[in-house]
Amino acid sequence: MPITPVSLGLRSNADRSAESGAGRLINCYAEDMGEDALHRYPVYACDGFSSFATLTGTGNGVVRGGINFDDSTLYVVTGTRINRVSSSGTATDMGALATSGYAYFARNVKSPNAQIGLVTSDGLFRIIENNSVSTPTLDGSIPSSTFNSIMEIDGYFLITCSGGDFYITSIDEGTTIDALDFASASANSDGLLRGVKRGVEAVLLGPRSTEFWRNTRAADFPFERVHAALFGCYSAASAATVSAVIDGKTVDAVIMAATNVDGAYIGVMLVPGYDATKISTEALDRKIRDETTPSSIRAFTHTRNGTTFYTIGTSTWTWEYNCRTGFWHERRSMGLDIWRVVDAFQFGTKTIYADYAAGTLYQASSALTPASASQVTLRQSIDGGLTWRTARTKAIGTAGSENIRLRFNRLGKANEDGRCFELTMSNAIVENSTGTDIQVLPPAVHSYPARTICHALFVNVTSGASLTSKPKGFRGMAADIEGLSA
């Protein structure tokens, strides 16, 4: 029989019952090599990471937020502590921040010492200047207990309040707020969850609406609303600003889990202008709708090898959007159902990741080689992934091996609904000295309405170190398969 190419799949988007498709990519993603490539969509392992810094202070723990100050100093909130981290990974405790909400940062250009504004989602406001943390003294009429986020535009810190107002500081002086220097996002009376900066605009996110404000330098109050939209934000921490190459163009956008005017979840949306475009798959939408605590949904962006990723997750799952291709994949760390990374910071030439539980920072790397050779394990299902047949495993050699083609023989008959394959490559990624697997569940193979028999499955793999010139991954798959009479 002729050998038939089989798609490795482009994204994670399993059907709700798995009967119409179980396609998933876990810890790996498809790259578009173009129509003239031998394999247009090879699937390669995500980057790994090594240890960078151990955060310090009594009460340190999960990283709640951070900011790169000047490529030599990184400020992070870890548990109930503020830490200062040097470019060499030395962490210094700067004091307590005794709340549990997300921590949002912004930086101005005050001379000679630029300031960092820090606001937590549960109402704490701090200024960091010259490596010293202070609590600004504000007029008693300012409802600082309702502060929930901060951004910087044209030297002003804009601080949002849950009731729907936002305050501005003096230009390049974050400790000074006039009690009359505020405005209201009033197109819809739903309050504010958060504000994010997109280019030169302030994007003010409510649970049912979004407003866009810009500095017009008006005499009475410099910011004016330029547009209001009837979609809102489902979870404040799901919103992230992204500057990425999308459809070949550099785009400044906000990505977030979004709602309609009634507050119902409608999808993960890309907002590059004043309209929103849905980018989530049905499978991801089900994950988000099933989350009983929407406020726990958290997201961030990071860029690796020229590709920007938007990562969103909870305590039970992590998904990632490839801004270049528009495809989604899933992330998991060894022994967990989630990726242990909950935030990322570009720190000079380094990409720094933050741990989901411990007060630990990691440094992303594409040059880490697993300590042991990888193996590929094949499993097959003929009932849509509900049950799986006995796994078969083949070694693929060391990182220097090339042009590896694996052959799995005599895979048997399947009914008209087809068969699902699952490919797992062990030790494909190094996460802080731990070998982590990648997994591919391609689209179902069938010749509906006929039954099929598969004589052999061929899998082309690359066994090099992750994302180097020989990245680990799956290059292609083909099957010696024939249809049988109904």
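Here we summarise the structure given alongside this text. None of the values given here were measured: they were computed from a predicted structure. (Residues numbered from 1 in each chain as written. Predicted model: local features only at pLDDT ≥ 70, side-chain atom pairs only at ≥ 80, totals over all residues. Heavy atoms only, no water.)

### Points about the sheet that holds strand β15 (residues 156-161)
What counts here: Pairing between strands is defined by DSSP: at least two bridges between the two strands are required. Numbered from the N terminus, helices here are DSSP runs of H or I no shorter than four residues, and strands are runs of E no shorter than two. Note on geometry: axes are lines fitted to C-alpha atoms, helical ones only across the stretch in contact, with angles between N-to-C directions running from 0 to 180 degrees.
One open sheet accounts for 4 strands, arranged β14-β15-β16-β17; its pairing is antiparallel. With partners counted over all chains shown, the strands left at the sheet margins are β14 (147-153) and β17 (182-184), one partner each. Between one strand axis and the next, the sheet turns through 25 degrees on average, direction left out of account. Across 3 bridges, the pairing between strand β16 (residues 165-168) and β17 is antiparallel. Each residue of the ladder has a partner; that of Phe166, found in β17, is Ala183.

### Re the packing of aromatic side chains
Our working rule: Side-chain rings of Phe, Tyr and Trp, where Trp is taken by its six-membered ring, are said to pair if the distance between their centres is within 6.5 Å; with planes under 30 degrees apart they count as stacked, over 60 as edge-to-face, and otherwise as tilted. Burial here depends on accessible area, computed with a 1.4 Å probe over protein chains only, as a share of the maximum for the residue type. Under 20% is buried, over 50% is exposed, and the range in between is partly exposed. Placement of a positive charge over a ring is assigned whenever Lys NZ or Arg CZ falls within 6 Å of the ring centre and within 35 degrees of the normal to the ring plane.
Following the criterion strictly, the structure yields 20 aromatic pairs and no others. Ring centres of Tyr156 and Phe223 lie 5.5 Å apart, and the angle between their planes is 75 degrees; on these two criteria the pair is classed as edge-to-face. Placement of the pair is Tyr156 in strand β15 and Phe223 in strand β21 (residues 223-229), with a sequence separation of 67 residues. The pair formed by Tyr156 and Phe223 is uniform in burial state, with each residue classed as buried. An aromatic cluster of at least three residues, connected via ring pairs, comprises Phe49, Phe300, Trp339, Tyr353 and Tyr362. The residue whose ring lies beneath Lys394 is Phe408, and the NZ or CZ to ring-centre distance is 5.4 Å.

### Observations regarding the sheet that holds strand β9 (residues 91-96)
Strand order across the open sheet formed by 4 strands is β6-β7-β8-β9, with antiparallel pairing between neighbours. Across the chains shown, the open sheet's two edge strands, defined by having one partner strand only, are β6 (63-68) and β9. With direction set aside, neighbouring strand axes in the sheet form an average angle of 20 degrees. Inspection of the sheet shows strand β8 (residues 81-86) paired to β9 by 5 bridges, in the antiparallel sense. Note that in β9 the partner of Ile82 across the bridge is Gly95.

### Thoughts on helix α1 (residues 282-290)
What counts here: Whether two residues are in contact is decided by their heavy atoms, any of which lying within 4.5 Å being enough.
Listing the buried residues of α1 in full gives Ala283, Leu284, Asp285, Arg286 and Ile288. Turning to α1, the residues buried within the fold contact β25 (265-271), β26 (277-278), β28 (307-313), β29 (318-322) and β30 (328-330).

### A short note on the pairing of strand β19 (residues 201-205)
Most of β19 is tucked away, with 5 of its 5 residues classed as buried. Side chains of β19 alternate between two faces, with Glu201, Val203 and Leu205 and Ala202 and Leu204 buried alike. Looking at chain direction, strand β18 (residues 194-198) and β19 are connected through 5 bridges and run antiparallel. Within β19, the position partnered with Val196 by the bridge is Val203.

### Considerations on the nonpolar core
What counts is decided by this rule: We define a nonpolar core as any set of buried Ala, Val, Leu, Ile, Met, Phe, Trp, Tyr and Cys residues linked to one another through side-chain atoms lying within 4.5 Å.
By size, the foremost hydrophobic cluster in this structure holds 34 residues, and its most contacted members are Val376, Leu423, Val459, Val461 and Phe474. Counting residues per element, the ones that place at least two in this core are β3 (28-30), β4 (43-45), β34 (375-381), β36 (404-414), β37 (420-431), β38 (434-441), β39 (451-462) and β40 (473-484). Among the elements that make up this core, the one with the highest residue count is β37 (5 residues). Not counting the four nearest positions on each side in its chain, Val459 is found in contact with Ile404, Arg405, Leu406, Phe408, Leu423, Phe474, Gly476 and Met477. The next biggest cluster of nonpolar side chains, apart from the first, holds 25 residues, and it includes Ile246, Val268, Ile312 and Trp317.

### Details of the environment of Ile404
Relative to the assigned elements, Ile404 resides in strand β36. Distance from Ile404 to Asp172, taken between C-alpha atoms, is 59 Å for residues 232 residues apart in sequence. With residues near it in sequence (within four places) discarded, Ile404 still touches Ile396, Val459, Asn460, Val461, Ser463 and Arg475.

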